[in-house]
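Chain and residue survey
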Amino acid sequence: MFSSDGENLTPRLEKSKGLLAYLAVAEGRAVARTVLQALLWSDRGEIQARESLKKGLKDLRRSFGTRAGDVLIAQNGTLRLDLSRLRVDLFAEAFSQQSLYTPVFLDGINIRDECFEEWLRMTRARLSDRPKVPAVTAPTAAAEEPPRPNLHRIGIGFLETTPPSCKVAGALAFRLRQALQQKFTQSGFFDVHDYAIGQSDIGGTPRVSDLMFRVDCQQIGHEFSLAPNLFDVAGRRLLWSDALSFDGRTVTLDDAQIYANQVFDQLCERIFKCGALQSDAHLAARHAFVAIDHIFRLSRTDLTAAERALNQAIDCVEGATFYAWQAFLSAFQVEKMGRVNSPDILEKAHFYVKRALELDRHNPLVVALVAHIQSFVLREREQAVELLRGWDKRGPTNPMLSDTLAMLNFYEGRFAQAEIHARQACRLGANNPFRYSFTTSLAMSQLMQKDYARAARTSQRALAQHPFATGHRYEPTLRTLAAACSFSDRKAEGRSALETLNAQSGQDTLAVLQSGSDTPFPNTDVLTVVRSGLEGLYA
């Protein structure tokens, strides 16, 4: 921060700099003190966070000097900057049109707070997505091609959370908003607009949102509730709402992350089925939603329809997640047809994996889908290990990622560790359409640890989670159930599961496993155990 005559007025404390940056990006809007406490002191108690904010404001006012009262406005528990008295370079036209070099936003800042770090990542991502306009454009006589309409994402705006009086509630609501923004962005189907930091994107481009999301927060004593709501802007209607109560004495920020995953899956299902997104502007997202719905229904007809819909989405726009889902589809195709009979599927899977990683190798959803295919379909376990390196240390973020970590540990014989990741996937993905697979991964890890009775019960739960109105069942669920029932002396039930699998696949599953030539098991120990269990059904 500099004065008009060039004097450096930058605050001394790191968190004061972060405070100034957040207020600047808010474009003059008032920000609740509880939001700022949650952003910069999420790991502190309420009283300590409040005092730390006061300290940061004192440092910030010292930087503004005699102008502090005019520039930094404190009113009714909120803070804002008066932008008529200072200039923010992020909004300056000359800054947004740089084509050769754009400085990194808050480069070198050192604030070790998880909420702030996540906000900083998302703000830098929005800045990097701004179109670069050359400062000098050569004249041309040719008519300019009309801009192609956005056939990619659905606009979803996040309204400011009702400011809670409790700092813990504020931190949890703030984390929930951040986690959901991250989930929507990573899906590849949405443009995320954060209206809590201004009515336009950074640089002044007006935002156009098809949907609006808001979290209301209420507190009674130590208990408080978060109530997320989703609105259809054009239809002026409430599409979805929920409420969840927390005990402020025991809740953690990880609870917000878990709830965000569960809410996200419900929101996607509602958005897909509400019929509000029928314009050409939503074409690619609509194709992708249709494809994912077909993938989890499991029949060959559904898988063919999924591949066609994903190709249509990619025809609209090349998105990393679209290619990753196309690669992920190959796991279901190979499960039904075998690897030996699927050279063209393997070739396409290689291409989709390569293209998805070229477009975005840092998106956790892309990483999860691609690593699963590398380890299961392509049998490139070393590449999968390298791609997943460090992701298991980042806490609960994505059920697909947790499930991929579970299966990689499973293939490498670390069955107890596989169970830990599978349980996390089940918790994160409680509302995910693929939850039957997460539960099956848990059952498989229990089977290999010789907990046969529990593996059988878990497999039965996985069957109950399969999609309605479809006669197809997930092949690994049926295999695991049959083997677990064999080892736990429930052979009639095991034979019934195996017969269902044989009828569905049109082949003798036991004969395929006994041949050992083209089995769905990258781990030979798992093959031996499952084959032994199936053989025992008829002993």
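To be clear, the structure that these remarks concern was listed above.
Notes on the structure in this doc start here. All figures in this text were calculated on a predicted structure; none of them were measured in a lab. (Residues numbered from 1 in each chain as written. Predicted model: local features only at pLDDT ≥ 70, side-chain atom pairs only at ≥ 80, totals over all residues. Heavy atoms only, no water.)

A few words on helix α2 (residues 33-40). For α2, the tally of buried residues reaches seven of eight residues, placing the bulk of the element in the interior. Along α2, the positions that sit buried rather than exposed are T34, V35, L36, Q37, A38, L39 and L40. (Buried < 20%, exposed > 50% of the residue type's maximum accessible area, 1.4 Å probe, protein only. Helix = DSSP H or I, 4+ residues; strand = E, 2+ residues; numbered from the N terminus.)

Another point: the environment of T480. One can find T480 in helix α19 (residues 475-487). Under the relative-accessibility criterion, T480 is labelled buried at 6%. Considering only alpha carbons, one finds T480 and A497, 17 residues apart in sequence, at a separation of 9.2 Å. Among all residues touching T480, those that are not within four sequence positions of it are T440, A443, M444, L447 and S459. There is a polar contact of 2.7 Å between the side chain of T480 and the backbone oxygen of P476. (Contact = heavy atoms within 4.5 Å. Polar contact = N/O pair within 3.5 Å; in protein donor to acceptor, adjacent residues only side chain to side chain.)

This paragraph deals with helix α18 (residues 452-464). Over its 13 residues, α18 runs 19 Å from end to end, which matches the ideal 18 Å to within 8%, given 1.5 Å per residue. Buried residues of α18: Y452, A455, A456, T458, S459, A462 and L463, and no others. End-on, the buried residues of α18 take up no more than an arc of 165°, which puts them together on one face. Where α18 is buried, its residues meet α17 (435-448) and α19. (Expected span 1.5 Å × (residues − 1). Arc of directions from axis to C-beta.)

To continue, consider the pairing of strand β8 (residues 237-241). Across four bridges, the pairing between strand β7 (residues 223-232) and β8 is antiparallel. Within the sheet, the bridge partner assigned to D232 lies in β8 and is R237. (Pairing = 2+ DSSP bridges.)

The analysis is restricted to geometry; functional conclusions fall outside its scope.
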